[in-house]
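Chain by chain, the residues:
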Amino acid sequence: MPTAYDLKDIEFLIVDDNPVMQRIVKTILRAFGVNNPRVASSAAEAIQALRNQPSDIAIIDIDMSQSIKDEVSMLAAANAQKQSENESEDNKDLSAEVTDGNELIRQLRTEETSPAPFIQIIVITAHSAKEKVTYSRDSGMNEFLVKPIAPLTLYKAIERIIERPRPFCLLYTSDAAD
């Protein structure tokens, strides 16, 4: 498939707990010319990966709840140990409250210590109910794809992000009544 864009310099992070889906998405991205798409198997891994190296686009499965819960427990224990060693507040563990991929997106978009509040996000899921799409949109996703994903469908979503990136504004609210 000919590509209109040179994607080799775009950094991708795939967040999916399913190793088969990780390989499929990674293979598709490599076919598009992406040099080294990175993979995270959980929200905790994704947040750490984004802290270590920024990404331009994240492809996030929103149905990862069990692996997220397992990983959060392990990361919370590691984080408690780091904090006891006087690690700075900048490395606060955002994933401690994450329960699914949408919650990961919401925290990336809204938490003060988020490593990537403006990252472009493509959601992949097996669920196409209107409520799922609306909830993902409201959480902060840019594109929504239903599994199984076809290479052309993924490419078109990337193309839309490049041509018309969705702008985000961080809004801070006050607890004080006006």
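Please read all numbers here as calculations on a predicted model, not as lab measurements. (Residues numbered from 1 in each chain as written. Predicted model: local features only at pLDDT ≥ 70, side-chain atom pairs only at ≥ 80, totals over all residues. Heavy atoms only, no water.)

Bringing the pattern of salt bridges into the picture now. Going through the model one piece at a time under the given rule, you end up with nine salt bridges. One salt bridge in this structure joins K132 and D63, with 3.5 Å as the shortest N-O distance. Residue K132 is located in helix 5 (residues 130-139), and its partner D63 is located in the loop between strand 3 (57-61) and helix 3 (65-84); the two are separated by 69 residues in the primary sequence. Assessed through its relative accessible area of 29%, K132 is described here as partly exposed. Overall, D63 belongs to the partly exposed group, its relative accessible area being 29%. (Salt bridge = Lys/Arg side-chain N within 4 Å of Asp/Glu carboxyl O. Helix = DSSP H or I, 4+ residues; strand = E, 2+ residues; numbered from the N terminus. Buried < 20%, exposed > 50% of the residue type's maximum accessible area, 1.4 Å probe, protein only.)

On average, residues of the protein score 82 in pLDDT, and 72% of them reach the 70 mark or higher. The least confident element of the protein, judged by mean pLDDT, is helix 3 at 53; the most confident is strand 1 (residues 12-15) at 98. (pLDDT = per-residue confidence, 0-100.)

Before going further, it helps to examine the packing of helix 4 (residues 101-110) against helix 5. Angle between the axes and distance between the axes are the two parameters that describe a pair of packed helices. Two elements in contact, helix 4 and helix 5, have axes separated by 8 Å at closest approach and are oriented at 20°. In this view, helix 4 runs roughly parallel relative to helix 5, as classed from their interaxial angle. Counted together, N102, I105, R106 and R109 of helix 4 and Y135, S136 and S139 of helix 5 form the full contact between these two elements. Looking at the contact of helix 4 with helix 5 residue by residue, the class counts come to two nonpolar, three polar and two charged. (Axes fitted to C-alpha atoms, helices over the stretch in contact; angles between N-to-C directions. Parallel < 35°, antiparallel > 145°, perpendicular 65-115°, else oblique. Contact = heavy atoms within 4.5 Å. Nonpolar A, V, L, I, M, F, W, Y, C, P; charged D, E, K, R; others polar.)

A separate point is the packing of helix 1 (residues 19-31) against helix 6 (residues 151-163). Contact geometry for helix 1 and helix 6: axes closest at 10 Å, N-to-C directions at 65°. By the angle between their directions, the pair helix 1 and helix 6 is classed as roughly perpendicular. As helix 1 runs across helix 6, the sense of the crossing is right-handed. Listed contacts from helix 6 to V25, I28 and L29 of helix 1 are P151, L154 and I158. Taken together, the residues of the contact of helix 1 with helix 6 sort by class into six nonpolar, no polar and no charged. (Left-handed = near helix turned anticlockwise from the far one by under 90°.)

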